[in-house]
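# A structural walkthrough
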Amino acid sequence: MRVALVQLAAYGDCLFATLVARQIKRDYPGCHLTWVIGDKFASILDGNPHVDAVHKIVLTSRGEAFSSGWEKAKSWVADQLRIGNLEKAYFTQIFPNNLRYYDGLIRTTIYGAYGKPITGPHLPELFLTEAENRNVADFAVKHSLREFEHVLLFECGPGSGQSPMTPARAEALAHAVGKSHPEVVFLISSSETLARPTSQVVDASCLTYRENAALARHCTGLVGCFSGITVLTTSTAGKALPMLQILTKPNGIFRWGSVAMDFRRSGLDENRVIEMEEPGDTRIISCIERWLSESHSAARRQFHEESVLTSADAENAYSFIREQYGKIAAKSAMVRFLRANGFAIIRWRVLVAEMRAKGHGTIRRVLRYAAALRQLRRVRAVAQNLTFDNAYTFADAEIGIAQKREEIRWLFELVRAERPRVVLEIGLDLGGTFFMWSRAAAPDAHLLAIDTKPVGRFGMWSPFSLVRRGFAVGSQRVTLLMNSDSHDETTRQRIAALLDGRAVDFLFIDGDHCCKGVWQDFETYSPFVAPGGLVAFHDVSQNPAEQTKGVAQFWREFTVEHETEERVVNDEPGFGIGIYRMPG
């Protein structure tokens, strides 16, 4: 039996899924298990005896795990099933396709996607190397951790947004507590270095994510935010620490349950968890000081805030899932949620949720439009003559851009030097590069974009299109060909009609990433480019990621007979920009 487990991201979720991997080995004795995982998170599987092979999906960002990366994983699994290399596949990742298994908790929703009982113990499985343990032991000696009565591991900056705790805030809190408690040392664990490390506020960013499990064994407690480090401490390689969890408040929309609730349902000791929802700094400091001066249990009695999942959460989840994934998935999730959390009269509650969801859907559409209008005002307030740094920073924060900064800087400066009056982009995606071209092009430029993304029920007045059309500044014009395949002859004809005899000065090709598709885009649209005009291609690096192999092959073939330039920074998998000037 050859089985695949698909869980691309993130660290905490992948740790939960290690228990599914263990269960697969129990349910299918002797099977060969391949785990399909995002390359950024694959280290979590190192040394795992239940995983026989790892297939990595290259992710340029965390978000790709839930969009293009997920589609690539599904495609790979389908191919392997078709040719007989796999017999079964289990997709446990919650987003984007498994919210129908939602029951209020991340761990048990992942279990639900497997569809068979997970037998305990419910401790995520992690297997550290001797080198990792030795490195952490050296870290402990270097920072004299044995000399402190209390060693608190401080988790901060969760990518999930489940906590308001930032690295800067964690560092400030640690300094505040340390002033009056010389017996405590804080180990700040994040991807950022500390601004003011001291002997009592130690920068642990030098350790890998996995090594935090070994670090937990040198600690007496955890200040966490229910992210990857919290899950890590509960793993087989970690240590069951008393903890304080700083969480966000329920905000009236779809939400997940807390650490204490997860522990309760998994048979772990919830009494070692103190939880507070968006407390002020004074309250956090008071709680930690009570813990240090008296005991964790005393601090829990005073400060713990019991979090519960309510029928209102069920209704909010129903509305969210229904809008994103349809009524059947929403009903399935709500029934699971109600049963898991002890609610009765399920059919009646589902009917009520359905009636409310219709009203909520209208409200959410209004809110999306309001958000789009606010974003449109911000976009229109941005001047045309921006420096690259200002343009990139705005695009990254406000629009979204999947480009290496120094690579796109090179192309941006080339385009700005040309001041193109007609720009054509194939592959709009979120629109970050398209915004950059609007700030590099001539004041009266016409900018056109082609993308397969659906246009929305209100056409060009849908929120996405409304904001992107707002990129036009001064007398510029923006035309979006949404829900359009660049390979269709009708799309080519529409471009020809829109240009009405004008030549394209700059063509940016970043659409279909298969070799044949890039060739077709070039051969279809380069005849529109003026002599001496600029054609640019994204993802030409010859050290390709899984999804850029086709572009890399195209670039190898293309450069044989064409004079080109390219910019590839750091030679990481994927990325890279290549340019070609049309003859004449």
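Values in this document were obtained by computation on a predicted structure and should not be read as measured data. (Residues numbered from 1 in each chain as written. Predicted model: local features only at pLDDT ≥ 70, side-chain atom pairs only at ≥ 80, totals over all residues. Heavy atoms only, no water.)

## Let's talk about the pattern of salt bridges
- Inspection of every chain in the model, using the stated rule, returns 21 salt bridges.
- Linking lysine 74 and glutamate 71 is a salt bridge whose minimum nitrogen-to-oxygen distance equals 3.9 Å. Taken together, the positions of lysine 74 and glutamate 71, both in helix 2 (residues 68–83) and three residues apart, correspond to about one turn of that helix.
- Since its relative accessible area comes to 31%, lysine 74 is described here as partly exposed.
- Exposure remark for glutamate 71: the relative accessible area of 44% places this residue in the partly exposed category.
- Across the salt bridge formed by glutamate 398 and arginine 378, the nearest N and O atoms sit 2.6 Å from each other. Of this pair, glutamate 398 sits in helix 14 (residues 388–399) while arginine 378 is found in helix 13 (residues 346–380), placing the two residues 20 residues apart along the sequence.
- Overall, the relative accessible area of 38% leaves arginine 378 in the partly exposed class.
- Bridged by salt links that share partners, the residues Asp389, Arg405, Glu406 and Arg409 form one connected network. (Salt bridge = Lys/Arg side-chain N within 4 Å of Asp/Glu carboxyl O. Helix = DSSP H or I, 4+ residues; strand = E, 2+ residues; numbered from the N terminus. Buried < 20%, exposed > 50% of the residue type's maximum accessible area, 1.4 Å probe, protein only.)

## Considering the sheet that holds strand 9 (residues 243–247)
- Spatially, the six strands line up as an open sheet ordered 7-6-5-8-9-10, and their pairing is parallel. Whereas interior strands pair on both sides, the edge strands pair on one side only; in this sheet they are strand 7 (201–203) and strand 10 (273–277). For this sheet the average axis-to-axis angle between neighbouring strands, irrespective of direction, equals 20°.
- Pairing of strand 9 with strand 10 involves five bridges; the strand directions are parallel. Looking at the pairing, leucine 244 lines up with isoleucine 274 of strand 10.
- In this fold helix 10 (residues 296–303) packs onto strand 9 and strand 10, with an angle of close to 35° to the strand it touches most, strand 10. (Pairing = 2+ DSSP bridges. Axes fitted to C-alpha atoms, helices over the stretch in contact; angles between N-to-C directions. Contact = heavy atoms within 4.5 Å.)

## What about the pairing of strand 15 (residues 529–538)?
- With eight of 10 residues buried, strand 15 is to be regarded as a mostly interior element.
- Sheet analysis places strand 14 (residues 504–509) next to strand 15, joined by five bridges and oriented parallel. Residue valine 504 lies in a different strand from strand 15, and its bridge partner there is valine 529.
- Of the crossover connections in this fold, the one passing from strand 14 over helix 19 (residues 515–525) to the parallel strand 15 is right-handed. (Right-handed = clockwise from strand over helix to strand, strands pointing away.)

## Some remarks on the packing of helix 11 (residues 311–325) against helix 12 (residues 327–340)
- Contact geometry for helix 11 and helix 12: axes closest at 7 Å, N-to-C directions at 155°. What the angle tells us is that helix 11 and helix 12 run roughly antiparallel. Where helix 11 crosses over helix 12, the handedness of that crossing is right-handed. Mapping the contact onto sequence places Asp313, Ala314, Glu315, Tyr318, Ile321, Arg322 and Tyr325 in helix 11 and Lys327, Ala329, Ala330, Lys331, Ala333, Met334, Phe337 and Leu338 in helix 12.
- Here the residues of the contact of helix 11 with helix 12 are counted per class, giving 10 nonpolar, no polar and five charged. (Parallel < 35°, antiparallel > 145°, perpendicular 65-115°, else oblique. Left-handed = near helix turned anticlockwise from the far one by under 90°. Nonpolar A, V, L, I, M, F, W, Y, C, P; charged D, E, K, R; others polar.)

## Structural notes on unusual backbone geometry
- In the segment running from alanine 9 into alanine 10, the intervening peptide bond is cis, with an omega of -15°.
- Relative to the helices and strands, alanine 10 is located in the loop between strand 1 (2–6) and helix 1 (11–27).
- The backbone of aspartate 500 shows a phi angle near 50°, a positive value even though the residue is not glycine.
- Of note, aspartate 500 is situated in the loop between helix 18 (489–499) and strand 14.

## As for helix 9 (residues 281–293)
- Over its 13 residues, helix 9 runs 18 Å from end to end, which matches the ideal 18 Å to within 8%, given 1.5 Å per residue.
- All of the buried residues along helix 9 are Ile284, Ile285, Cys287, Ile288, Trp291 and Leu292. One side of helix 9 carries all its buried residues, which in axial view fall inside an arc of 160°. Away from its buried face by more than 90 degrees, helix 9 exposes Thr282 and Ser293. (Expected span 1.5 Å × (residues − 1). Arc of directions from axis to C-beta.)

## Notes on the sheet that holds strand 1
- Read across the open sheet, the four strands follow the order 3-2-1-4; overall the sheet is parallel. Two strands close off the open sheet at either side, each with one partner strand: strand 3 (53–57) and strand 4 (88–91). Pairs of neighbouring strands in the sheet enclose a mean axial angle of 20°, with direction left out of account.
- Pairing analysis gives five bridges linking strand 2 (residues 32–38) to strand 3, with the strands arranged parallel. From the neighbouring strand, valine 36 faces strand 3, where its bridge partner is histidine 55.
- Where helix 1 meets the sheet, its contacts fall on strand 1, strand 2 and strand 4, and the angle it forms with strand 2 comes to roughly 165°.
- Packed on one face of the sheet, helix 2 meets strand 1, strand 2, strand 3 and strand 4 and runs near 165° to strand 4.

## Concerning the side chain of aspartate 451
- By secondary structure assignment, the location of aspartate 451 is in the loop between strand 12 (446–450) and helix 17 (463–469).
- Look at aspartate 451: it is buried, it has no salt bridge, and the nearest opposite charge is lysine 453 at 5.1 Å.
- Polar side-chain contacts of aspartate 451 include one of 2.9 Å to the backbone nitrogen of aspartate 429. (Lys, Arg positive; Asp, Glu negative; His and termini not counted. Polar contact = N/O pair within 3.5 Å; in protein donor to acceptor, adjacent residues only side chain to side chain.)

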